[in-house]
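Observations on the model geometry
Chain by chain, the residues:
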Amino acid sequence: MSQTLRKTLEFISVVEPASVIVSIRNLSRTFGSVKAVDGVNLDIYSGEFLTLLGPSGSGKTTVLRMIAGFEKPDSGTIELGGRDVSQLPPYERDVNTVFQDYALFPHMDVISNIGYGLRVAGVAKEERIARTEKALEQVRLTGYGDRKPAELSGGQRQRVALARALVNRPSVLLLDEPLGALDLKLREQMQIELKELQREVGITFIFVTHDQEEALTMSDRIAVFNLGNIEQLGTPREVYENPQSPFVSEFVGQTNKITMDGRQINIRPEFITVSKSAERGDRIVKGKLHDAIFVGATTRYLVDTELGESIISTDPSGLLDVGDDVVLSWESEKEFLVK
Amino acid sequence: MTISNKARYALMSLMGVGLAFIYIPLSVVIINSFNSSRTFSWPPQSFTTQWWSKAIGNTGVRKAFGWSLTAGLLATAIALLLGTSLAFAVSRYDFFGKEVISLLVILPISLPGVVTGIALSNAFNQQLGISTGLMTIVIGHATFTIVVVYNNALARLKRMGTSLQEASMDLGANGITTFRLITLPNLASALFAGALLAFGLSFDEIVVTTFTAGPGIQTLPIWIYNNLFRPNQAPIVNVVAATLVIVSVLPIYLSQRLSQDSTSGGRF
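This text gives an overview of the structure that appears in the document. Note that the structure is predicted; figures quoted are calculated from it, not measured. (Residues numbered from 1 in each chain as written. Chains lettered and ligands numbered in written order. Predicted model: local features only at pLDDT ≥ 70, side-chain atom pairs only at ≥ 80, totals over all residues.)

Each helix and strand in chain A was counted, giving 9 helices and 18 strands. Principal axes of the C-alpha set define a box for chain A whose edges measure 75 × 45 × 40 Å. If you take every contact in chain A between residues at least 6 apart in sequence, the share linking residues at least 24 apart comes to 64%. (Helix = DSSP H or I, 4+ residues; strand = E, 2+ residues; numbered from the N terminus. Contact = placed C-beta atoms within 7 Å.)

As structure tokens, then:
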């Protein structure tokens with residue numbers, strides 16, 4: 001308890017000027033007999049990139065849809081800029097959404113799509129055109145204004161959806177797995193672009209994804225969802241290096257669970273060196289190299305150990321062949337305990 | 001599926017025979033409307049438009065055409081209003097008895113026209129005490145025109161999903177603006193296709209019309225039926241039949257084209 005408090009105080013002192021823009025209290029929503037969201041509490045700071053990370057059915061999308069106003073909570077409140085908006089319709093909330101399927105209006109060209117929010121808000125035509133053009137430029141689609149959505153590629157549609165939401169200068173931008181439909185290469189490029197865009201415009205981004213790597217890459221903070229609740233909230237580093245629950249340690253990154261001296265310890269594969277002789281730290285386990293799986297940037301070494309458990313390492317030292325007798329070694333301070 | 005050449009030719013000639021059965025008699029009707037022989041001697045000796053002029057000049061035909069047109073337009077209007085509303089209710093909301101209502105709307109197309117006709121006629125004349133006339137014809141036609149608009153609208157609404165409406169509301173548009181700027185434009189071609197189909201069905205309907213039209217009203221199909229066995233009217237009957245074919249086939253053709261266009265280009 002005191003540790004949590006200290007962490008909170010540390011956090012506040014680091015980002016002191018940030019104010020809370022979205023404040024969620026005891027939020028719950030049930031679909032039929034399923035508790036999709038079960039008493040969520042969350043404060044989101046102005047200007048931050050916050051990711052709601054979790055497997056499908058963990059409640060992250062439902063939370064996002066309740067912030068947008070597409071779903072009403074059964075109980076609890078959502079405050080936006082200090083005002084309770086939980087019972088307001090979507091068009092009375094100062095948030096905009098980038099949808100998973102983009103939801104571009106098929107009968108309108110790109111310009112009309114982007115200008116839609118300004119049009120229904122009654123913004124004068126000259127200003128509307130100027131702002132729409134600027135938004136097009138911001139997402140690097142200048143010259144595409146008169147195309148229909150059907151004439152654009154997936155990546156281009158994505159950018160139009162982004163421009164359509166951002167042009168209204170909402171206080172919060174909600175992104176519902178917006179990169180899910182893109183191929184890997186484009187997705188990685190868009191991750192960088194999104195992050196840059198967020199810094200540039202300074203708008204709070206609330207980003208929903210089930211991809212832990214995406215979450216670690218882009219976020220200022222991550223809220224890890226499981227079974228309708230937040231299991232851990234923290235910076236990517238905190239979540240990765242110090243997971244607070246078995247679920248988080250499994251879902252974010254890979255974890256070796258090893259029983260040693262009668263207790264369970266957890267250690268990430270990259271902290272274990274696999275070699276012919278002990279090389280690193282104070283923990284040493286002998287074993288036989290069972291398999292080496294090439295996964296691009298790294299190779300995963302699967303070792304059958306003397307403990308009777310298999311351990312994965314991604315840090316080889318020297319030439320190793322399958323079937324070799326090997327030694328695994330690591331520093332015990334890299335281990336983490338899970339409550 | 002691959003089929004042998006022999007089977008392919010057999011199937012194609014069977015299809016040819018089937019189509020010929022339907023379309024040769026129809027073509028004969030249209031050709032004969034230009035046949036100068038009063039007894040339709042075949043092959044036609046010479047081309048004439050005199051039957052067409054006579055038909056156009058015939059007050060009975062003109063009146064009947066007017067009634068058919070009015071009934072068709074009114075039945076289509078009712079179908080648009082009720083069919084679209086029903087489609088919205090069924091696609092957007094969950095309520096008790098939804099499946100039953102859906103079935104009840106579709107059911108009348110499978111009922112024989114005679115049954116619908118007698119039932120309506122009984123209801124109008126005996127239970128409700130309404131004298132039959134244009135209004136009862138329109139109600140009779142609406143029983144089957146609602147379905148086609150309903151089906152078209154429902155299919156489109158289901159395909160559209162809810163995310164376009166959500167996006168519109170998210171961008172600040174209320175329900176009415178969203179309907180005007182987003183829902184209706186995306187629904188329009190489906191509604192138009194449904195309306196054309198409804199009009200086509202209503203325009204040439206005879207069975208239900210027979211039971212629901214009062215003594216004073218003749219629609220085109222009823223006029224044909226009444227004049228079918230008068231030899232001196234035969235050439236004009238031909239012209240009216242040809243008109244019926246064209247007026248009811250054209251909307252259905254257009255409607256099909258429209259539905260195809262919107263499936264390929266409407267959504268991505």
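So that's the structure; there's more coming.
Moving on, we come to helix α2 (residues 60–68) of chain A. Among the 9 residues of α2 of chain A, 9 are classified as buried, and the element is accordingly described as predominantly covered. After α2 of chain A finishes, the residue Gly 69 of chain A shows a positive phi value of roughly 105°. (Buried ≥ 20, exposed ≤ 12 C-beta atoms within 10 Å, placed from the backbone.)

Take the interface of chain B and chain A next. Listed by partner, the interface residues are 18 residues for chain B and 20 residues for chain A. Within the residue set of the side of chain B that touches chain A, elements represented by two or more residues are α7 (163–170) and α8 (175–203) of chain B. Per-element accounting of the side of chain B that touches chain A gives the leading share, 6 residues, to α7 of chain B.

This part covers unusual backbone geometry. All names here are of chain A. For Asn 26, which is not a glycine, the phi torsion comes out positive at approximately 50°. Here Asn 26 shows up in strand β1 (residues 20–31). On the basis of neighbour counts, which here come to 12 C-beta atoms within 10 Å, the residue Asn 26 falls in the exposed class. Even without glycine at this site, Ala 103 takes up a positive phi of about 50°. Inspection of the secondary structure assignment puts Ala 103 in the loop between β6 (95–98) and α3 (110–120). Overall, the presence of 25 C-beta atoms within 10 Å leaves Ala 103 in the buried class.

The next point concerns the packing of helix α3 (residues 59–92) of chain B against α8 of chain B. Residue and element names in this part refer to chain B. At a closest axis distance of 8 Å, the pairing of α3 and α8 adopts a crossing angle of 140°. In terms of orientation, α3 lies oblique with respect to α8. For the pair α3 and α8, the crossing hand works out as right-handed. Packed against α3, whose contacting residues are Ser 68, Ala 71, Gly 72, Ala 75, Thr 76, Ala 79, Leu 80, Gly 83 and Thr 84, the element α8 presents Leu 191, Gly 194, Ala 195, Ala 198, Phe 199, Ser 202 and Phe 203 at the interface. Residue composition of the contact of α3 with α8, grouped by class: 9 nonpolar, 7 polar and no charged. (Axes fitted to C-alpha atoms, helices over the stretch in contact; angles between N-to-C directions. Parallel < 35°, antiparallel > 145°, perpendicular 65-115°, else oblique. Left-handed = near helix turned anticlockwise from the far one by under 90°. Nonpolar A, V, L, I, M, F, W, Y, C, P; charged D, E, K, R; others polar.)

Another aspect to go through is the sheet that holds strand β14 (residues 283–294) of chain A. Paired through their backbone hydrogen bonds, the strands of a sheet run either parallel or antiparallel. Residue and element names in this part refer to chain A. Here 6 strands make up an open sheet; going across it, the order is β16-β15-β14-β18-β13-β17 and the pairing mixed. Whereas interior strands pair on both sides, the edge strands pair on one side only; in this sheet they are β16 (310–313) and β17 (315–316). Note that strand β13 (residues 273–275) and strand β18 (residues 325–330) share 3 bridges and pair antiparallel. Across the sheet, residue Thr 273 finds its bridge partner in β18, namely Ser 329. (Pairing = 2+ DSSP bridges.)

Below, the discussion takes up the pairing of strand β12 (residues 263–267) of chain A. Residue and element names in this part refer to chain A. Here strand β11 (residues 256–260) runs beside β12; their pairing, made up of 5 bridges, is antiparallel. Pairing of Lys 257 across the sheet is with Asn 266, part of β12. Between β11 and β12, which follow one another and run antiparallel, lie 2 residues, and Asp 261 among them has a positive phi close to 50°.

Once that is clear, we can look at the environment of Leu 174 of chain A. Residue and element names in this part refer to chain A. Considering the arrangement of structural elements, one finds Leu 174 in strand β7 (residues 172–176). Here the alpha-carbon distance between Leu 174 and Leu 50, two residues 124 residues apart in the chain, equals 9.9 Å. The residues touching Leu 174, leaving out its near neighbours within four places in the chain, are Leu 64, Ile 67, Ala 68, Val 95, Thr 97 and Ile 206.

These values are about where atoms sit, not about what they do.
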